[in-house]
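Report on the structure
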Amino acid sequence: PPPPALRGLVPPAPAAVAEGGVPELDLTAVAPEDRAAVVLDVVRGQVAAVVGIAAAEVDPARPFRDIGFDSLTAVDLRNRLAAATALRLPATLVFDNPTPGELAATLLAQLSVSTPTPADAVVTGLDRLLDDVAALDLDDRARSEARSRAARLLSFLNEPTGVDGGRSTENLADASEEEVLAFVDRELGISLG
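As a starting point, this report considers the structure included with it. The residue count restarts for each chain, going from 1 along the sequence in the order it is written. It should be noted that, the model being predicted, local features are given only for residues of pLDDT at least 70 and side-chain atom pairs only at 80 or more, the latter also being counted only at that level, while totals for whole chains, interfaces and linings use all residues. Water and hydrogen atoms were dropped before computing side-chain values, which therefore reflect all heavy atoms in the structure.

With that out of the way, let us pick up the side chain of Thr85. Note on placement: Thr85 falls in helix α3 (residues 71-85). Pairs of N or O atoms within 3.5 Å make up the polar contacts considered here, provided that, within protein, one atom can donate a hydrogen while the other can accept it, and that residues adjacent in sequence are counted only when both atoms are side-chain atoms. A polar contact is formed between the side chain of Thr85 and the backbone oxygen of Leu81, at a distance of 2.7 Å. Whether two residues are in contact is decided by their heavy atoms, any of which lying within 4.5 Å being enough. The residues contacting Thr85, other than those within four sequence positions of it, are Leu25 and Leu111. Secondary structure elements are defined from DSSP: runs of H or I of at least 4 residues count as helices, runs of E of at least 2 residues count as strands, and each element is numbered from the N terminus.

What follows is the structure, encoded as structure tokens:
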């Protein structure tokens, strides 16, 4: 290290990437309109960590070469961003995207997170329900109530809406209890009987 009198003039050495030291970038819970800002914040934070400055000092429009990047720091940044995004990034990433802002835009385009649909939410909810039911030790009354509600849900899901808005009469409403339980067993992978 430099003598104490000169330490303020010499920037700190770039931080090494510690095992698990790069936070994972997960945009699934981020609103689409906020994703660009989140990715830019991650890029600015990793740029700052590589060159040893505060993230607030990283101007998104300032070229990497003016921030002090060379080939080694470019590879370090690429490795950090690859760990954060789980993307395969080229060694020329910093040279292909000469500013942090351009780099963030490139990463955002590659991440291309889709917004979950209402159907995705239903399937996720059913998966959670399946896990919850599988973990319970239900008595006979609770099993009977669960079967009744499961049968109603299956009946609803098996009634396609026609062009005239009416419902098809082909559904599980006429099925026996054994047929409904076999359907739940087969489709949801749980045994209620």
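Looking now at the side chain of Arg44. Within the secondary structure, Arg44 is located in helix α1 (residues 35-51). Buried and without a salt bridge, Arg44 has Asp41 as its closest oppositely charged side chain, separated by 4.4 Å. Within the structure, the side chain of Arg44 is placed 2.8 Å from the backbone oxygen of Val58, a separation counted as a polar contact. Aside from chain neighbours lying at most four places away, what touches Arg44 is Ala55, Ala56, Val58 and Pro60. For the exposure calls, accessible area comes from a 1.4 Å probe over protein chains only, and a residue counts as buried if that area is under 20% of its type's maximum, exposed if over 50%, partly exposed in between. Counting rule for charge: Lys and Arg are taken as positive, Asp and Glu as negative, and neither His nor the chain ends is counted. Salt bridge, as used here, is a side-chain nitrogen of Lys or Arg placed within 4 Å of a carboxyl oxygen of Asp or Glu.

Below, the discussion takes up the nonpolar core. Counting residues in each nonpolar core, the largest one holds 25 residues, and the members touching the most others are Phe69 and Leu77. Every element with two or more residues in this core is listed here: α1, α2 (64-67), α3, α4 (93-96) and α5 (100-111). Discounting residues that sit within four places of it in the chain, Phe69 has contacts with Val47, Val50, Val51, Phe64, Ala74, Leu77 and Val94. Grouping buried Ala, Val, Leu, Ile, Met, Phe, Trp, Tyr and Cys residues that are joined through side-chain atoms within 4.5 Å yields what is termed a nonpolar core.

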